[in-house]
Amino acid sequence: MPSTDTPLLTSLRSPRVVAARRLAKRNQRTKERRFLVEGPQAVREAVGFGRLPGTSEHAVVEVYVGLEAAERHADIVEAALAEGLPVLTATDEVIADICDTVTPQGIVALCRFIDTPFAEVLAARPKLVAVLAHVRDPGNAGTVLRTADAAGADAVVLTDASVDLYNPKAVRASVGSLFHLPVAVGVPVEEAVGQLRAAGVRVLAADGAGERDLDQELDEGTLGAPGAWVFGNEAWGLPEETRALTDEVVRVPIHGHAESLNLATAAAVCLYASARAQRSPGGCRSNG
């Protein structure tokens, strides 16, 4: 096992353990601007994220790892140590106490907030953005973030009416994608849509009430331009006032007998449709 040169954490009353456990609460995360990342894939991505832009601080504060997990994930431990990060070994009981999951994977990172100001998202002239408006389920939020990453989106925006980006379930569902693309948080939906449109981004509301469907968008070649998709609440979709802010309300066509698609599936269909159109000849990414 790689040497961490730190004592074994064995006590659930250790100040480090107590402080980490408190981050299960949103108000504590917000106060300290820190959150926990569980599991080898997510911790690997956190370590690889490096320094926060414009600072000398690494995104990771420290890593906690069980004795067996330190052997199993020696590459992550070595990468963390190479970055100069503290790596603390801990008993399985301590790891379980810190973690939000029922069956922890033995490795956890304490991280600083890494969200990006919305102004910086706009300044980068994004071509594909996912906007989560009124999305309350953390698992869905994390899954859409992962999907946006896979589709090559340039950014994700969580409005002020959506779930906390750093909710443990959202972080876990993103499987490390949180560290791959800019994510802006706490943006009023009116501001998000208005400023994206002002920046030349065509904003589409994904909603079953849309008069246009995704097939029409694809057939007419309108998805090749810079675009943003606004996704709504899991149960009741997007309110009329939010739909009215966008350029178009577009539904995913249901060709079979299913009543509807869940949020994550609909987001995947829409984002990949835009990604494909943008990379086709004439699309906004086709020349570079």
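In this text, all values refer to a predicted model and were calculated from it rather than measured experimentally.

Looking at the packing of helix H8 (residues 138–150) against helix H13 (residues 263–279)
For the pair H8 and H13, interaxial distance at closest approach is 9 Å and the crossing angle is 20 degrees. In terms of orientation, H8 and H13 fall into the roughly parallel class. Here H8 and H13 pass one another in a crossing that is right-handed. Judged by residue contacts, Asn-140, Thr-143, Val-144, Thr-147, Ala-148 and Ala-150 of H8 engage Leu-263, Ala-264, Ala-267, Ala-268, Leu-271 and Tyr-272 from H13. Class assignment of the residues belonging to the contact of H8 with H13 gives a composition of nine nonpolar, three polar and no charged.

Focus on the packing of aromatic side chains
How two aromatic rings sit relative to each other is set out by the distance from centre to centre and by the angle between their planes. A complete count under the given rule lists six aromatic pairs for this structure. Between Phe-35 and Tyr-166 the ring centres are 4.5 Å apart and the planes differ by 45 degrees, which places this aromatic pair in the tilted class. Of this pair, Phe-35 sits in strand E1 (residues 34–38) while Tyr-166 sits in the loop between strand E6 (155–159) and helix H9 (168–174), placing them 131 residues apart in sequence. Of the two residues, Phe-35 and Tyr-166, both sit in the buried class. Note on Phe-35 and Phe-179: the rings are 6.4 Å apart at their centroids and 20 degrees apart in plane angle, and the pair reads as stacked. Of this pair, Phe-35 sits in strand E1 while Phe-179 is found in the loop between H9 and strand E7 (183–187), placing the two residues 144 residues apart along the sequence. Like Phe-35, the residue Phe-179 is buried in the burial classification. Three or more aromatic residues joined by ring pairs make a cluster, and in this case those are Phe-35, Phe-49, Phe-113, Tyr-166 and Phe-179.

Some words on a nonpolar patch on the surface
Together, Ile-254, Leu-261 and Val-269 make up an exposed nonpolar region whose accessible area comes to about 200 Å². Summarising the element assignment, Leu-261 is placed in the loop between strand E11 (248–251) and H13.

Some remarks on the environment of Leu-8
Note on placement: Leu-8 falls in the segment before helix H1 (15–22). Note: C-alpha distance between Leu-8 and Asn-27 (19 residues apart in sequence) is 29 Å.

Here's the deal with the sheet that holds E1
Strand pairing in a sheet relies on backbone hydrogen bonds. The paired strands run either parallel or antiparallel. Spatially, the four strands line up as an open sheet ordered E1-E4-E2-E3, and their pairing is mixed. The open sheet has two free edges, formed respectively by E1 and strand E3 (87–90), since each of these has just one partner strand. Averaged over all pairs of adjacent strands, the angle between their axes in this sheet comes to 20 degrees, without regard to strand direction. Direction of pairing for strand E2 (residues 60–66) relative to strand E4 (residues 107–112): antiparallel, over a ladder of five bridges. Residue pairing for E4: Val-60 is matched across the bridge by Cys-111. Packed onto the sheet, helix H3 (residues 40–49) meets E1, E2 and E4 and runs at close to 40 degrees relative to E4.

What counts, and where the lines are drawn
- Residues numbered from 1 in each chain as written.
- Predicted model: local features only at pLDDT ≥ 70, side-chain atom pairs only at ≥ 80, totals over all residues.
- Heavy atoms only, no water.
- Axes fitted to C-alpha atoms, helices over the stretch in contact; angles between N-to-C directions.
- Helix = DSSP H or I, 4+ residues; strand = E, 2+ residues; numbered from the N terminus.
- Parallel < 35°, antiparallel > 145°, perpendicular 65-115°, else oblique.
- Left-handed = near helix turned anticlockwise from the far one by under 90°.
- Contact = heavy atoms within 4.5 Å.
- Nonpolar A, V, L, I, M, F, W, Y, C, P; charged D, E, K, R; others polar.
- Phe/Tyr/Trp six-rings, centres within 6.5 Å; stacked < 30°, edge-to-face > 60°.
- Buried < 20%, exposed > 50% of the residue type's maximum accessible area, 1.4 Å probe, protein only.
- Patch = residues over 30% accessible without salt bridge, like charges linked within 9 Å, V, L, I, M, F, W, Y side chains within 5 Å.
- Areas by Shrake-Rupley, 256 points an atom, 1.4 Å probe, with all protein chains shown as cover.
- Salt bridge = Lys/Arg side-chain N within 4 Å of Asp/Glu carboxyl O.
- Pairing = 2+ DSSP bridges.

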